[in-house]
Amino acid sequence: MYYVQKGLAILLGSILLSIGINLFLAPNEILDGGIIGLSLILHYLFHLKIGLMVIVLSMPIFILAWFKYRHYFYNSVHGLLVSSVIIDIFKPLRSLLHINSFIAAIIGGVFVGFGIGMMLRFDTSTGGTDLLAQFISDKTKINVGIIILLIDSIIVLIGGILLSASTLLLSIIAITVVGITTSAVTGKY
């Protein structure tokens, strides 16, 4: 029964994450943090596929996981592949909704945070820096949402420098909401 719940959490979490990215963040050039944020930067600058870039950029972390944290590798590889594919499948959502960028940052952050949090509750993730944050959290007992927020802040700062001040400010709002929502969903404060 646990594995069925875990599979549903990966699928539903990936769908929520993909809706947040494609319906709210990407159309407004807003960043998430971590590997997804880096993938969004590459998408905005070079029009590369977001999901594909998530897989490519996650490879070094998954290689580390294979050698040092095999448990996390097995628990997250499914989340990585499913979420990356769904992100690219849901690309048509980007043209469906046109709302205020500030509202998009908040709502997108909630969707992304719920998706990530749902997967983390079942010891899985999209991999990337979420996986890295989970490693750090397990070693330090620091809340995983706080670690994700710190990593995300660095990525968003880089994106703000490369893209625009508007992207920076809206992305700060989005990652704050992602961190709070992830913490609430995982129940770790």
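What you are looking at is a predicted structure, and each value in this text was computed from that prediction instead of being measured.

Describing the overall build of the protein chain
For step 1, the next point in the chain: Of regular secondary structure, the protein chain possesses 8 helices and 0 strands.
For step 2, the next point in the chain: Counting from the amino terminus, helix and strand elements in the protein chain follow one another as α-α-α-α-α-α-α-α.
For step 3, the next point in the chain: For 189 residues, the compact-globule estimate of 2.2 N^0.38 gives 16 Å, and the C-alpha radius of gyration of the protein chain, at 15 Å, lies within 12% of that figure.
For step 4, the next point in the chain: Projected onto its principal axes, the C-alpha positions of the protein chain cover 40 × 30 × 30 Å.

Here's the deal with the nonpolar core
For step 1, the next point in the chain: Core analysis: the largest hydrophobic core is formed by 42 residues, its most contacted members being Ile21 and Leu40.
For step 2, the next point in the chain: Elements represented by at least two residues in this core include exactly helix H1 (2–25), helix H2 (34–46), helix H3 (50–68), helix H4 (70–89), helix H5 (101–120), helix H6 (128–140), helix H7 (144–162) and helix H8 (165–186).
For step 3, the next point in the chain: For Ile21, the contacting residues outside a window of four places in its chain are Ala26, Pro27, Ile36, Leu40, Ile50, Ile87 and Val112.

Overview of the environment of Leu97
For step 1, the next point in the chain: Structurally, the position occupied by Leu97 is in the loop between H4 and H5.
For step 2, the next point in the chain: Residue classification places Leu97 among the partly exposed residues on the basis of a relative accessible area of 31%.
For step 3, the next point in the chain: Counting along the chain gives 70 residues from Leu97 to Pro27, while the straight-line C-alpha distance between them is 8.5 Å.
For step 4, the next point in the chain: Residue contacts for Leu97: discarding those within four places in its chain leaves Leu23 and Phe24.

A word on unusual backbone geometry
For step 1, the next point in the chain: Its identity as a non-glycine residue notwithstanding, His47 has a phi of 60°, on the positive side.
For step 2, the next point in the chain: Secondary-structure assignment places His47 in the loop between H2 and H3.
For step 3, the next point in the chain: Unlike most non-glycine residues, Asp123 shows phi in positive territory, near 55°.
For step 4, the next point in the chain: Looking at where Asp123 falls in the secondary structure, it is placed in the loop between H5 and H6.
For step 5, the next point in the chain: Under the relative-accessibility criterion, Asp123 is labelled partly exposed at 39%.

A few points about the packing of H1 against H5
For step 1, the next point in the chain: Two elements in contact, H1 and H5, have axes whose closest approach is 7 Å; the angle formed by their N-to-C orientations is 165°. What the angle tells us is that H1 and H5 run roughly antiparallel. In this structure, H1 crosses over H5, and the sense of that crossing is left-handed. Residues Ala9, Ile10, Leu12, Gly13, Ser14, Leu16, Leu17, Ile19, Gly20, Ile21, Phe24 and Leu25 of H1 lie in contact with H5, whose contacting residues are Ala104, Ile107, Gly108, Phe111, Val112, Phe114, Gly115, Ile116, Met118 and Met119.
For step 2, the next point in the chain: Broken down by class, the residue content of the contact of H1 with H5 amounts to 17 nonpolar, 5 polar and no charged.

Concerning empty space enclosed by the protein
For step 1, the next point in the chain: According to the stated counting rule, one finds 2 cavities of 30 Å³ or more in the structure shown.
For step 2, the next point in the chain: Taken as a whole, the second largest cavity holds about 30 Å³ of empty space.
For step 3, the next point in the chain: Elements supplying a minimum of two residues to the lining of the second largest cavity: H4 and H6.
For step 4, the next point in the chain: Of the residues belonging to the lining of the second largest cavity, the class tally is 3 nonpolar, 4 polar and 1 charged.

Reading the values: rules and limits
Residues numbered from 1 in each chain as written. Predicted model: local features only at pLDDT ≥ 70, side-chain atom pairs only at ≥ 80, totals over all residues. Heavy atoms only, no water. Helix = DSSP H or I, 4+ residues; strand = E, 2+ residues; numbered from the N terminus. Rg over C-alpha atoms; globule rule 2.2 N^0.38 Å. Core = buried A, V, L, I, M, F, W, Y, C linked by side-chain atoms within 4.5 Å. Buried < 20%, exposed > 50% of the residue type's maximum accessible area, 1.4 Å probe, protein only. Contact = heavy atoms within 4.5 Å. Axes fitted to C-alpha atoms, helices over the stretch in contact; angles between N-to-C directions. Parallel < 35°, antiparallel > 145°, perpendicular 65-115°, else oblique. Left-handed = near helix turned anticlockwise from the far one by under 90°. Nonpolar A, V, L, I, M, F, W, Y, C, P; charged D, E, K, R; others polar. 1 Å grid on protein atoms, 1.4 Å probe; cavity = no way out; pocket = protein on both sides within 12 Å on 5 of 7 lines; lining within 4 Å. Points joined across faces, edges and corners; volume = space filled by probe spheres on them.

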